[in-house]
Amino acid sequence: MIKVLVVDSHPIIRTGLELLFKEHSEIEVIGTVGSGVEIFEFVRRHQVDVIISEIDLPELNGITALRAIKKEHSNINIIMFSYHPEEIYAISTIKAGASGYVSKTESTDIIEKAILMAHKGELYLSEKMSKHLKYDDTKKSKSRIYKRLSTREVEVLKLLSSGKKNKEIALELDINEKTVSTYKARLFKKLNVTNLIDLVNQGKHMEIT
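This report concerns the structure included in the present document. (Residues numbered from 1 in each chain as written. Predicted model: local features only at pLDDT ≥ 70, side-chain atom pairs only at ≥ 80, totals over all residues. Heavy atoms only, no water.)

### Concerning the packing of helix α3 (residues 62–72) against helix α8 (residues 151–161)
Between α3 and α8, the least distance of the axes is 9 Å, while the angle of their chain directions is 145°. Every residue of α8 that contacts α3 at Ile-63, Thr-64 and Arg-67 is listed here: Thr-151, Arg-152, Val-154 and Glu-155. Its residues placed into classes, the contact of α3 with α8 shows 2 nonpolar, 2 polar and 3 charged. (Axes fitted to C-alpha atoms, helices over the stretch in contact; angles between N-to-C directions. Helix = DSSP H or I, 4+ residues; strand = E, 2+ residues; numbered from the N terminus. Contact = heavy atoms within 4.5 Å. Nonpolar A, V, L, I, M, F, W, Y, C, P; charged D, E, K, R; others polar.)

What follows is the structure in structure tokens.
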């Protein structure tokens, strides 16, 4: 059986995934937690094959948790399961070590497929994202701009979009506050905006063109 840990701050999501795989012949949800910090204690005490995790988590965001988990437990495959636009976050989470990115708008069959693929060491991306990654001409779509963002820049963008200040971001990512300002300046330049409101809107409402 593939042993799965579900990480999400919403109880209904955790319960839903538990029920989904309750009678599954290959997949077993062995536990659920509601924050990024709780992941570490759980994986130290239990054997986990695959983690399904939201990006928006209390105490420690999903991307930061992903990095740390992969550093300590490289054998655990992690699937990011989020409502955030995959064209912004999918590539960066894959770069950070994720084995897949599944939108919460997808069918339950897709979640199952992603888990099975991740357990085999394969990478899951939606058909739309897979095709988009193969698309290679000279046109500059917005999503191509987002692909040029580093994983850390996407983390900063995500935290800015959630309303956090530079100091809070520095504490969460364990970096200098001046470094946060540098990343913010790079985001302004790369996303061609001049103020924080436009930057946040870019992060929240990005669409593939």
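Text resumes after the structure shown.
### Digging into the pairing of strand β3 (residues 50–53)
Residues Val-50 and Ile-52 of β3 are buried on one face, and the alternating residues Ile-51 and Ser-53, pointing to the opposite face, are buried as well. Sheet topology note: the strand β1 (residues 2–7)/β3 ladder contains 4 bridges and is parallel. Opposite Val-4, over in β3, you have Val-50 as the bridge partner. Sheet analysis places β3 next to strand β4 (residues 77–82), joined by 4 bridges and oriented parallel. Bridge pairing links Ile-51 to Ile-78 in β4. Handedness of the β-α-β unit built from β3, α3 and β4 comes out right-handed. (Buried < 20%, exposed > 50% of the residue type's maximum accessible area, 1.4 Å probe, protein only. Pairing = 2+ DSSP bridges. Right-handed = clockwise from strand over helix to strand, strands pointing away.)

### Comments concerning helix α2 (residues 36–45)
Of all the residues in α2, the buried ones are Gly-36, Ile-39, Phe-40, Phe-42 and Val-43. Taken together, the buried residues of α2 touch β1, β2 (27–33), β3 and α3.

### What to know about the sheet that holds β3
Neighbouring strands of a sheet are bound in pairs by backbone hydrogen bonds; such pairs are parallel or else antiparallel. Read across the sheet, 5 strands follow the order β2-β1-β3-β4-β5 without closing on themselves; strand pairing throughout is parallel. Taken across any chain shown, the strands that pair with only one partner, and hence form the sheet edges, are β2 and β5 (100–103). Put simply, the sheet's adjacent strands are angled 25° from each other on average, direction ignored. Bridge count between β4 and β5: 4 bridges; the pairing is parallel. Of the residues in β5, the one forming a bridge with Phe-81 is Val-102. Relative to β5, helix α4 (residues 86–95) is tilted by about 155°, and along the sheet it contacts β4 and β5.

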